[in-house]
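Examination of the molecular architecture
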Number of protein chains: 2
Amino acid sequence: MTDTMPRAAVPTLDEVALLAGVSRATVSRVVNDSPRVSPEARAAVRSAIAELRYVPNRMARSLVTRRTDTIALVLNEPNTQVFSDPFFASIVRGVSATLADTDLNLVLLTAQDEREQEKIGRYARMGHVDGVILMSVHSDDPLPDILAEAGMPLVMCGRPFDDRAVSYVDADNRGGAEVATAHLIATGRRRIATITGPLDMIAGVDRLAGHRAALAAAGLQSFPQLEAEGDFTEAGGARAMESLLGRDPELDAVFVASDPMAVGALSALRVAGRRVPEDVAVVGFDDAAVATRCDPPLTTIAQPLADMTPLLTELLLRQIEGAGEAVESRVCRTSLVRRASA
Amino acid sequence: MTDTMPRAAVPTLDEVALLAGVSRATVSRVVNDSPRVSPEARAAVRSAIAELRYVPNRMARSLVTRRTDTIALVLNEPNTQVFSDPFFASIVRGVSATLADTDLNLVLLTAQDEREQEKIGRYARMGHVDGVILMSVHSDDPLPDILAEAGMPLVMCGRPFDDRAVSYVDADNRGGAEVATAHLIATGRRRIATITGPLDMIAGVDRLAGHRAALAAAGLQSFPQLEAEGDFTEAGGARAMESLLGRDPELDAVFVASDPMAVGALSALRVAGRRVPEDVAVVGFDDAAVATRCDPPLTTIAQPLADMTPLLTELLLRQIEGAGEAVESRVCRTSLVRRASA
DNA sequence: GGACTGTTGGAGAGCGCTCTCACAGTGCAC
DNA sequence: GTGCACTGTGAGAGCGCTCTCCAACAGTCC
């Protein structure tokens, strides 16, 4: 069996044409839904395709069309923990769902170190994908540059560090954080700590800036010892909370820059014997599913993911279509979701 | 600017050849590391490639070689929660690391419903990938059939439900579960419950079978009310534990078919006021990182992931090389890791 | 009847690459 | 000198597809 069929006999356009009694060109027209085909020819081709179980060879097609109908969602993250971040899962699901109705394919690429980033850069430049959505960008990642330089259509999920001309979709992280901390202030808290995201990520930076701005607006000073850097993971949140409690046992509120970290903070507070929200009020960020399940349910800032993911793909597709189209970006509004923790 | 360069001027082999003063064939030889090139020619080509920033067009190459140098890791799972399963993250990282030294690319594909599975099937059949590693297969998934029928090299992570001739790599789930429950019995427990995985997944089925076998071997009966089905998530584990406690408040041990579920069970037990391991002993499965972090640290069954992921890729690559190669499968040994929970 | 328009289908030229084959050149044994 | 093995190189034929012509034909109008 292995000898008699060294490779599966994959039918080609020509064979379909032969069977249908038309030319290659006509088969191609049918496959690509061109209107310029008579119903009879179309029917003949359709049945020949079905009979031969013909599937177009994408490589051959791509070679001439310069399109692969594939876009990549690149997760740029050394830490495998990200996989467990519900924000990431939501984006993947959202983008995937948006593309389900098209005949575009979505591939996920993960880069755990610089070497893998370069590999992905090569992968993209070799023409495997039409465009890239880039997530979880750290300040020193070379991938945005590699891709931009190659002229690859690119949309970043999260605004870039510098003011480069690149499309992005982002939540209003700064504004959301400001609202979160303002809410804490409005409920009478005065010693307000924060657990930040990684400060080499723009979401981490922006949320910290928002927090500080709210403090300043209320005439409160921001103390370095009330700021602890987390890594967007639950374990990191717990560690950061412990550290904060060590530095200032009197703190009465904490704005945590992501829900998974907030869940970690909640357990650290429990371990330390603090009641939430009586002793320490907690506000998270994301409005992840876990925010409703934890104890107490988390007051948090909702990111409009339902708006963001379609936008992400829309911006990318427009760039792919329009070749030299202008760079376009969107910032989506966040909102405070009040639950029990603050 | 957009008008003057309607598309980035991507250099081709011919241009490199022209600049280097050699033929296309020689450039191709250099690019593909053929030894049959003089050092001078090689050097000339290398510098021309560098100067033009030439990257081979993968589509053109694939068209003739019939290889894409890309393999797909397909995650077949309606539930986005899987992303947070450390087992999945470990496999992704492992496979990715194994491939990092090769010039093979890894793409992740996720299928959330049957429609997306078919899309992936088409994607593969169109020749985007050389082979597929399939994870998280449920009993009624059509994808294995679609791929097998198309003659796509395929390795499943986890053995298939029926005895079909397909390569797979799996942990000894049945044996591991047997050891887990036997350990519970050996420490004097008698009312031993289990939280199973989804029973439309082979890992769920096998671990339950092992648990029952251990019970039977010790002359203990297995009661349906001591078996609750989970979904491999923490929340599912907590729910299942609550349900078990409701059904039999006297239970003194529980074998939980995954660590995330065990963590959920631990919190449910805490809420119910049970001490672990004094009142209820708990054994998990996976030896995920979380098993060391939870309270108390989890006694669990370690899966030899370090063996499994290289095996997964190795088996697939052998299949890709050897076209009609014989199907080959491996079951990797598990081991009991004793910590504080049992 | 002739010129024109519109529709359908085919011929053929590539897309950028690999790879076989032929060929020139070199070294060495006879 | 001839024969032979071997090495480095180039010419050229595709891989399977798309897409631009262009031909053939039918219908319409003057």
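The rules behind each value
- Residues numbered from 1 in each chain as written.
- Chains lettered and ligands numbered in written order.
- Predicted model: local features only at pLDDT ≥ 70, side-chain atom pairs only at ≥ 80, totals over all residues.
- Heavy atoms only, no water.
- Near = heavy atom within 4 Å.
- Polar contact = N/O pair within 3.5 Å; in protein donor to acceptor, adjacent residues only side chain to side chain.
- Helix = DSSP H or I, 4+ residues; strand = E, 2+ residues; numbered from the N terminus.
- Expected span 1.5 Å × (residues − 1).
- Contact = heavy atoms within 4.5 Å.
- Buried < 20%, exposed > 50% of the residue type's maximum accessible area, 1.4 Å probe, protein only.
- Salt bridge = Lys/Arg side-chain N within 4 Å of Asp/Glu carboxyl O.
- Pairing = 2+ DSSP bridges.
- Axes fitted to C-alpha atoms, helices over the stretch in contact; angles between N-to-C directions.
- Patch = residues over 30% accessible without salt bridge, like charges linked within 9 Å, V, L, I, M, F, W, Y side chains within 5 Å.
- Areas by Shrake-Rupley, 256 points an atom, 1.4 Å probe, with all protein chains shown as cover.
- Lys, Arg positive; Asp, Glu negative; His and termini not counted.
- Charge placed at Lys NZ, Arg CZ, Asp CG, Glu CD.
- Domains from an automatic or database assignment.
- Least-squares fit on C-alpha atoms with pLDDT ≥ 70 in both.
- UniProt positions renumbered as here; feature names shortened; annotations may be inferred.
- Parallel < 35°, antiparallel > 145°, perpendicular 65-115°, else oblique.
- Nonpolar A, V, L, I, M, F, W, Y, C, P; charged D, E, K, R; others polar.

- An unreviewed UniProt entry annotates chain A as LacI family transcriptional regulator originating from Modestobacter caceresii.

**Examining the protein's contact with DNA strand C**
- Taken together, 28 residues are adjacent to DNA strand C, and A:S23, A:R29, B:L13, B:S28 and B:Y54 come closest.
- Within 4 Å of the protein, the contacting atoms of DNA strand C are 60% sugar and phosphate, with bases supplying the remainder.
- In this structure, A:S23 approaches DNA strand C through a main-chain N or O atom, which is 2.8 Å from a phosphate oxygen.
- Taking B:A60, its main chain carries an N or O atom lying 3.3 Å from a base nitrogen of DNA strand C.

**Thoughts on helix α10 (residues 234-247) of chain A**
- Look at α10(A): 20 Å from first C-alpha to last across 14 residues, which is about the 20 Å you get at 1.5 Å a residue.
- For α10(A), the elements touching its buried residues are β6 (192-196), β7 (227-229), β8 (253-256) and α11 (259-271) of chain A together with α12 (290-293) of chain B.

**Details of the side chain of A:T70**
- Examined against the element boundaries, A:T70 turns out to sit in strand β1 (residues 70-76).
- Excluding anything up to four places from it in sequence, A:T70 contacts A:N105, A:V107, A:H128, A:V129, A:D130, A:G131, B:Y123 and B:H128.

**Describing helix α13 (residues 305-321) of chain B**
- For α13(B), spanning 17 residues, the distance from its first C-alpha to its last is 24 Å, which sits close to the expected 24 Å at 1.5 Å a residue.
- All of the buried residues in α13(B) are B:L305, B:M308, B:T309, B:L311, B:L312, B:T313, B:L315, B:L316, B:Q319 and B:I320.

**With respect to the pattern of salt bridges**
- Per the counting criterion, the structure on display carries 40 salt bridges over all chains.
- The partner of A:E149 in a salt bridge is B:R53, with the nearest N and O atoms 3.2 Å apart. Placement of the pair is A:E149 in helix α7 (residues 143-149) and B:R53 in the loop between α3 (39-52) and α4 (58-65), with the two residues belonging to separate chains.
- On the accessibility criterion, A:E149 (56% relative accessible area) is exposed.

**Focus on the sheet that holds β7(A)**
Residue and element names in this part refer to chain A.
- Strand order in the open sheet formed by 6 strands is β7-β6-β8-β9-β10-β12, and the pairing between neighbours is mixed. Lying at the two open borders of the sheet, with one neighbouring strand each, are β7 and β12 (335-337). Looking at each pair of strands side by side, their axes are set apart by 20 degrees on average, direction ignored.
- Across 4 bridges, the pairing between β6 and β8 is parallel. Each residue of the ladder has a partner; that of T194, found in β8, is F255.
- Where helix α9 (residues 202-217) meets the sheet, its contacts fall on β6, β7, β8 and β9 (281-286), and the angle it forms with β6 comes to roughly 170 degrees.

**A look at a negative patch on the surface**
- On the surface, a cluster of negative charge is made up of A:D113, A:E114, A:E118 and A:D140.
- Mapped onto the elements, A:E114 comes out in helix α6 (residues 114-128).

**Quick notes on the protein's contact with DNA strand D**
- DNA strand D sits among 28 residues. The nearest are A:L13, A:S28, A:Y54, B:R29 and B:S38.
- Take the atoms of DNA strand D that sit within 4 Å of the protein: sugar and phosphate atoms are 60% of them.
- Between DNA strand D and A:S28 there is a distance of 2.7 Å, counted from a phosphate oxygen to a side-chain nitrogen or oxygen.
- Here a phosphate oxygen of DNA strand D and a side-chain polar atom of B:T26 are 2.8 Å apart.
- Contributions of two or more residues to the surface near DNA strand D are made by α2 (24-31) and α4 (58-65) of chain A together with α2 (24-31) and α4 of chain B.

**Comments concerning the pairing of strand β10 (residues 299-302) of chain A**
Residue and element names in this part refer to chain A.
- Pairing between β9 and β10: 4 bridges, direction parallel. Following the sheet pairing, G284 is matched in β10 by T300.
- In the sheet, β10 pairs with β12 via 3 bridges, with the strands oriented antiparallel. Note on β12: the bridge partner recorded for I301 is L336.

**A word on unusual backbone geometry**
Residues and elements named next belong to chain A.
- Cis geometry is adopted by the peptide bond preceding P296, which originates at D295 and carries an omega value of -5 degrees.
- In this structure, P296 sits in the loop between α12 (290-293) and β10.
- One non-glycine residue, R66, adopts positive backbone phi at about 65 degrees.
- Positionally, R66 belongs in the loop between α4 and β1.
- By relative accessible area, which is 47% here, R66 ends up partly exposed.

**Quick notes on the domain arrangement of chain A**
- Splitting chain A by domain gives domain 1 (13-56), domain 2 (70-171 + 306-332) and domain 3 (173-302).
- Computed over C-alpha atoms, the centres of domain 1 of chain A and domain 2 of chain A are 36 Å apart.

**Some words on the environment of B:G21**
All names here are of chain B.
- Checked against the element boundaries, G21 lands in the loop between α1 (13-20) and α2.
- Among the residues examined, G21 registers a relative accessible area of 63% and is labelled exposed.
- Taking the C-alpha atoms as reference points, G21 and V45, 24 residues apart in sequence, are found 8.3 Å from one another.

**Let's talk about the relation of the copies chain B and chain A**
- If you rotate chain B by 180 degrees and push it 0.1 Å along the axis, it lands on chain A with an RMSD of 0.2 Å. Overall, the copies show the geometry of a two-fold rotation axis. In terms of C-alpha distance to the rotation axis, chain B has B:S84 as its closest residue, with the C-alpha 1.8 Å off the axis.
- Of the residues that chain B buries at the interface, 100% are likewise interface residues in chain A, meaning the two copies contact each other through the same surface.

**Quick notes on the environment of B:A25**
- Relative to the assigned elements, B:A25 resides in helix α2.
- Taking the C-alpha atoms as reference points, B:A25 and B:D14, 11 residues apart in sequence, are found 9.3 Å from one another.

**Topic: the UniProt feature "domain: HTH lacI-type" (unreviewed entry) in chain A**
- Within this structure's numbering, the places UniProt gives as "domain: HTH lacI-type" (unreviewed entry) are residues 11-65 of chain A.
- Structurally, residues 11-65 of chain A comprises 69% helix and 0% strand, and the distance from its first C-alpha atom to its last is 21 Å.

**Re the packing of helix α1 (residues 13-20) of chain A against α2(A)**
Residues and elements named next belong to chain A.
- Interaxial distance between α1 and α2 falls to 8 Å at its minimum, and their mutual angle equals 105 degrees. Taken together, the axes of α1 and α2 lie roughly perpendicular to each other. Contact with α1, carried on its side by L13, D14, V16 and A17, involves R24, V27 and S28 of α2 and no other residues of that element.
- Grouping the constituent residues of the contact of α1 with α2 by class yields 4 nonpolar, 1 polar and 2 charged.

**Things to note about the side chain of B:T181**
- The residue B:T181 is located in helix α8 (residues 173-186) in this model.
- Setting aside residues no more than four positions away along its own chain, B:T181 makes contact with B:I192, B:H211, B:A214, B:L215 and B:F255.

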